[in-house]
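Structural overview for review
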Amino acid sequence: MRVESAAYACRWRGVAPSAKALFALAGVVSAWIARSPAVLAALAALLVLAAVAGARVPLRTYLAVALPPLGFLLLSCLTMLVTPGVAAPGVATPGADGGWHWTAALLPVVTRTALRALAVLAALLGLVLSTPLPDLIGLLRRLRTPELLLDLMVLCYRMLFVFRQAWDEGVTAQRARLGYRSWRHAWRSMGLLIGQMAVQVWQRTAALQTAAEARALQGSLRFLPAVFPQAPRQNAYAVLAGSVLLALAVGDRL
Amino acid sequence: MNTPGANRSASSVPASSVPTSSASAALAAVPALLELQAVEHVFADGSAGLRGCSLALGRGRRHALLGPNGAGKTTVLQHLNGLLRPTGGRMLWNGRPYEYGRAGLTDLRRRVGLVFQNPERQLFSAQVEEDVSFGPLNLGLDETTVRARVAAALDAVGLAGFGARAVHHLSFGQKKRVCIAGVLAMQPEVLLLDEPMAGLDAPMQRELTALLDGLAARGVTVLLSTHDVDFAYAWADDIHLMAAGRCIASGAAHDVVLQADALQAAGQRQPAALALHAALAARGVLADGPAPRSVDALLEALHALPAASPAQPLACPEPAAQRHAPAPQTQEQTQNQPQQGQPQDRQGHAHHRSGETPA
Amino acid sequence: MNTPGANRSASSVPASSVPTSSASAALAAVPALLELQAVEHVFADGSAGLRGCSLALGRGRRHALLGPNGAGKTTVLQHLNGLLRPTGGRMLWNGRPYEYGRAGLTDLRRRVGLVFQNPERQLFSAQVEEDVSFGPLNLGLDETTVRARVAAALDAVGLAGFGARAVHHLSFGQKKRVCIAGVLAMQPEVLLLDEPMAGLDAPMQRELTALLDGLAARGVTVLLSTHDVDFAYAWADDIHLMAAGRCIASGAAHDVVLQADALQAAGQRQPAALALHAALAARGVLADGPAPRSVDALLEALHALPAASPAQPLACPEPAAQRHAPAPQTQEQTQNQPQQGQPQDRQGHAHHRSGETPA
Amino acid sequence: MHIMEGFLPPAHALGWAAAAVPFVAWGLRSIGRGLQAHPERRMLLGVAAAFAFLLSALKLPSVTGSCSHPTGVGLGALLFGPAAMVPVGFVVLLFQALLLAHGGLTTLGANVFSMAIVGPFVSYGVFRAVGALGLPRSIAVFLAACLGDLATYVTTSLQLAWAFPDAAGGVPASFVKFAGIFALTQVPIAISEGLLTVLVTNAMARF
């Protein structure tokens, strides 16, 4: 989990999550407002810069995290740039028999969509690569997210690591007994392991419930929110920086 | 010689009876802080967890619940914390029966904290501070108080400054301490720990015993379960011996370990320190009297024997010994020995009682 | 007193040195069964698991890998089983480098079985038999053979007749034995166990050591990791000491425990039996010579001292001793004592080597 | 199949979010009602969400040689019912966006709709329907997981086609394009997931 470790290690770890979220929100809204490819590209660049230079997220980590969405972007844009032959009667093409061919008709839309996606992605990455998830959950708590949903998030986040460790240890133990010798063995081993861990879902649930009751559980899971004493000042900075992005975007619209 | 519990008993007890009476005599005067009276527990699947288990815990003492795996130690702990309800017999707090209503249970769990064995199964939040705040918040305390308690609890377990860390970045020993902090933050009068030493190596065990001794010194009643008779003897004031769902012996540590039948019934042997001391006392190497609590304390006692002590053979006419002390000293020395040995043993005890733990 | 490495240099070691040199002398002629040569391992997250760790395991012996938590014991075991690959240095099997191809690993894991610490993490099937058959089935054996092997493995761990049981109804100790059966069913030449004693109570530990001794007696090379120096000294033929990813000492158990610096570097104290024996020998209570392997063996030695032995004080002119042996015997006795003591120690050793485990 | 962060136009992103909210609220209410009688369901669903997240991050050895990810949606729907799977799926998708950058916050609504609403309901419906036909359990499980996956992928293709109609052929042509391209990865995944879910439920049934 690269995002996870980057968030704990980055320079903006102690900055109020509300400030980082405000800045990311400004980035998203700006990208939605802006029209011209140049401004969208500039927004994306500024947001990447903020994460890499400001929060000091290692570039290698940044790229590794961005790679899968970029793959999706490439595939989807290519999809939009082909069109069925029959659907373009005005153009003389060899694909008129029902094959596929390139079309430039959607190129402006594709360019804008791609750049907008890059800018919004950069806003998201800037947020998640500098903010550990518990801080984000704390922010959602302040934003009055339903308690039950928050409980699910807190438990899910904690148990994620417990399960991941259990999974890794299980796979290692199976490998030690030749469980992944071949493709066929691998499937059988995985099925066994997932089944065993699915049963653990209930056992772990019972244990957690007991442990919570031992600590006087009163219904929902209550936790003390982390405090960020600098939050007002940091929020102000974030609003200021966000306004620059918004100004760029609004200027593009005018 | 004084059993530690004896002081607490009514002052009119004749002094002569004190040495043999053990702590249970002392408990007769004041009710025990916590008590199981003939508690039965049958689980939902029909298996018996406890069979007429009776047990009394004196206030402010260090108790060890000793027994093999499956003897019912965890079941007892869960009864004490109100997680399980006896299917027969009753539970007492300060002489009053447990109340199992919501308010009664919340009150009980504020007073009697329970730390489970496996940290992965009792930490809910991935952030240290958040998890520790869970208990105090459930008690309905305000934010400032909770924050202060969380800080104090983390400090007590030696994790001050770890509040913002992620639980999954901690070591096993640290996770275990977070669990303890989560209970300490509720400021319980009794701290129950299920097999706290499991999975810890020697230095980590020393740290944890030091922490527990510190709590006991501040008046917290501590009860831990263990299957290690040597550890129980070295650490505890009182030992409660369990086997097959029954509490088969209970009392001051140095009394319980002398009950060979009960130990055997619980699948335990004698503590090594006791057995060694007995063997050495029989041979006059160490003095009679209370045995040191651990092999280390016994070793100390051996090393602290006067230098002339290797001694007894030398005192006899033996050519190789000629360079040593002259013969006339012999008798005096031999007579002195018991008295010289005694302070060693007392020191072992004092050392032990002061809260430092023999490794 | 021979450092074990020294014997490996030449086969011309005079026969007279054999009794003290232990089996490591035998290693001189043949290469070790398994060997780590300056193995480095850096984990994906950049942390160092092993730093130039060198280690040789002789065939058919009982090895203990001793060190505190985090010293790299598990990492060594995972290298031996081919689960991890050195990032530097190399691994040898019978003097030949490991092959990490699919066929090589299959062959290796058939020969070198690894039992992990936590049974919950390595039992995947609902039924005992099914789980034990996992390894042999992966070896591609036919059903009849697998069935026979499963039965034999369950028999070996004392769980014959448990084949059809549900895994989650077993006790912790039984689960642990199912894990071992699952590896034994692959009929490995080497059995590696990660902290096998963790979480087991005394009777279960005795059972397990008896099982491991039985396997060793049948020629299986056994290596287990532990952080308990007393257990390692009591059980193992060879001890390999680890600290901070390095193997800092290696050799016959009775040699390694004498290396005080190395023990301290690994955060270990001396084995209690050794320390006690030294203290008692210095006082002439026990004879010099090899120390017994466990406190129990030492106790036996104490109890087996001739009845007249409590003795040395009595031998001297002391009023209370008059009813005992007449003075003339004294000198003879004192001289005899070392010789009388010696057989005790030897017996302790023999008792130990015969496969029975001192509790 | 997740739609990446920022890919949908603002109107679509907000529209899908608005469409998903009532379902999430309904799912929460349906869980909340059961909490009085079964307080441990709160823990159960939190733990189940972690398990589902783990499954979704697994790499399966796949037929094509590359690795693919199962969704775990079918299994979850069979174990906990489709209503509970809406909030659970929401949390899983949110975490995937925040921890793995799979999907995103602006596209969360669209992804929740396809993976946490359509998928589980189709899975559950298929399971009940096939069960009612009296076919063997493993076939019902296979079809439920497999078709649940396929329904998710068809929904996502529709969402993309609606947002980006083909210049000449409009939404239908665009749907054919997206569905066609993503079929390369999604059909093998659906089949793998079906098989795996059968293996898992068989293993579980023995406990």
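Within an unreviewed UniProt entry, the label attached to chain B reads ABC transporter ATP-binding protein, and the organism entered is Massilia forsythiae. Database annotation for chain B, UniProt heading Function (unreviewed entry): "Part of an ABC transporter complex. Responsible for energy coupling to the transport system." UniProt's Subcellular location (unreviewed entry) comment on chain B is quoted here verbatim: "Cell membrane".

As annotated in an unreviewed UniProt entry, chain A carries the name Cobalt ECF transporter T component CbiQ and comes from Massilia forsythiae. Recorded in UniProt under Subcellular location (unreviewed entry), the annotation for chain A is "Cell membrane". The Sequence similarities (unreviewed entry) comment attached to chain A in UniProt states, word for word, "Belongs to the CbiQ family."

**Comments concerning the nonpolar core**
Counting 207 residues, the largest nonpolar core has B:Leu80, C:Leu80, D:Phe7, D:Phe51 and D:Phe95 as its most contacted members. Examining the composition of this core, we find that 19 residues originate from one element, helix 7 (residues 147-176) of chain A, more than from any other. B:Ala185, B:Ala232, B:Ala243 and B:Ala291 belong to the second largest nonpolar core, which has 55 residues in total.

**What about the interface of chain A and chain D?**
At the junction of the two partners, chain A supplies 71 residues and chain D supplies 72 residues. In total, chain A and chain D occlude about 6200 Å² of area from one another, counting both sides; carbon and sulfur atoms represent 85% of this. Looking at the side of chain A facing chain D, the largest losses of area belong to A:Trp32, A:Phe72 and A:Trp187, adding up to 12% of the total buried there. At the boundary of chain A with chain D, the tally comes to one salt bridge. Among the salt bridges present, the one from A:Asp151 reaches D:Arg42, with a minimum N-O distance of 2.5 Å. Applying the counting criterion to the chain A and chain D interface returns four residue pairs in polar contact (both at pLDDT 80 or more). Only helix 1 (2-9), helix 2 (17-33), helix 4 (59-81), strand 1 (82-84), helix 5 (107-128), helix 6 (133-142), helix 7 and helix 8 (183-214) of chain A provide two or more residues apiece to the side of chain A that touches chain D. Of the residues that constitute the side of chain A that touches chain D, the class distribution is 55 nonpolar, eleven polar and five charged.

**What to know about helix 4 (residues 102-111) of chain C**
Among all positions in helix 4 of chain C, only C:Gly104, C:Leu105, C:Thr106, C:Leu108 and C:Arg109 are buried. Those residues of helix 4 of chain C that are buried are in contact with helix 7 of chain A together with helix 3 (73-80) and strand 6 (112-115) of chain C.

**Some thoughts on helix 5 (residues 143-156) of chain B**
Residues and elements named next belong to chain B. Compared with the 20 Å implied by 1.5 Å per residue over 14 residues, the 20 Å span of helix 5 between its first and last C-alpha is a close match. Within the sequence span of helix 5, burial applies to Val146, Arg149, Val150, Ala153 and Leu154. Relative to the axis of helix 5, the buried residues are bounded by an arc of 130° and lie together on one face. Residues of helix 5 that are exposed and point more than 90 degrees away from the buried face comprise Thr144 and Asp155. Where the residues of helix 5 are buried, they touch helix 4 (128-138) and helix 6 (172-184). At the exit of helix 5 stands Gly158, carrying a positive phi of roughly 80°.

**Re the confidence of the model for chain B**
Counting all residues, the mean pLDDT for chain B is 80, and 77% of those residues have values of 70 or more. Taken together, the stretch residues 1-28 of chain B has pLDDT below 50 and engages in 28 contacts with residues farther than four places along the chain or on a different chain.

**Concerning a nonpolar patch on the surface**
Residues and elements named next belong to chain A. On the surface, a nonpolar cluster with roughly 300 Å² of combined accessible area is contributed by Leu22, Leu25, Val29 and Val239. Here the element with the most residues in the nonpolar patch is helix 2; it accounts for three residues. For Val29, a relative accessible area of 31% translates into the label partly exposed.

Rules behind the numbers
Residues numbered from 1 in each chain as written. Chains lettered and ligands numbered in written order. Predicted model: local features only at pLDDT ≥ 70, side-chain atom pairs only at ≥ 80, totals over all residues. Heavy atoms only, no water. UniProt positions renumbered as here; feature names shortened; annotations may be inferred. Core = buried A, V, L, I, M, F, W, Y, C linked by side-chain atoms within 4.5 Å. Buried < 20%, exposed > 50% of the residue type's maximum accessible area, 1.4 Å probe, protein only. Helix = DSSP H or I, 4+ residues; strand = E, 2+ residues; numbered from the N terminus. Contact = heavy atoms within 4.5 Å. Buried area = accessible area lost by both parts, 1.4 Å probe. Salt bridge = Lys/Arg side-chain N within 4 Å of Asp/Glu carboxyl O. Polar contact = N/O pair within 3.5 Å; in protein donor to acceptor, adjacent residues only side chain to side chain. Nonpolar A, V, L, I, M, F, W, Y, C, P; charged D, E, K, R; others polar. Expected span 1.5 Å × (residues − 1). Arc of directions from axis to C-beta. pLDDT = per-residue confidence, 0-100. Patch = residues over 30% accessible without salt bridge, like charges linked within 9 Å, V, L, I, M, F, W, Y side chains within 5 Å. Areas by Shrake-Rupley, 256 points an atom, 1.4 Å probe, with all protein chains shown as cover.

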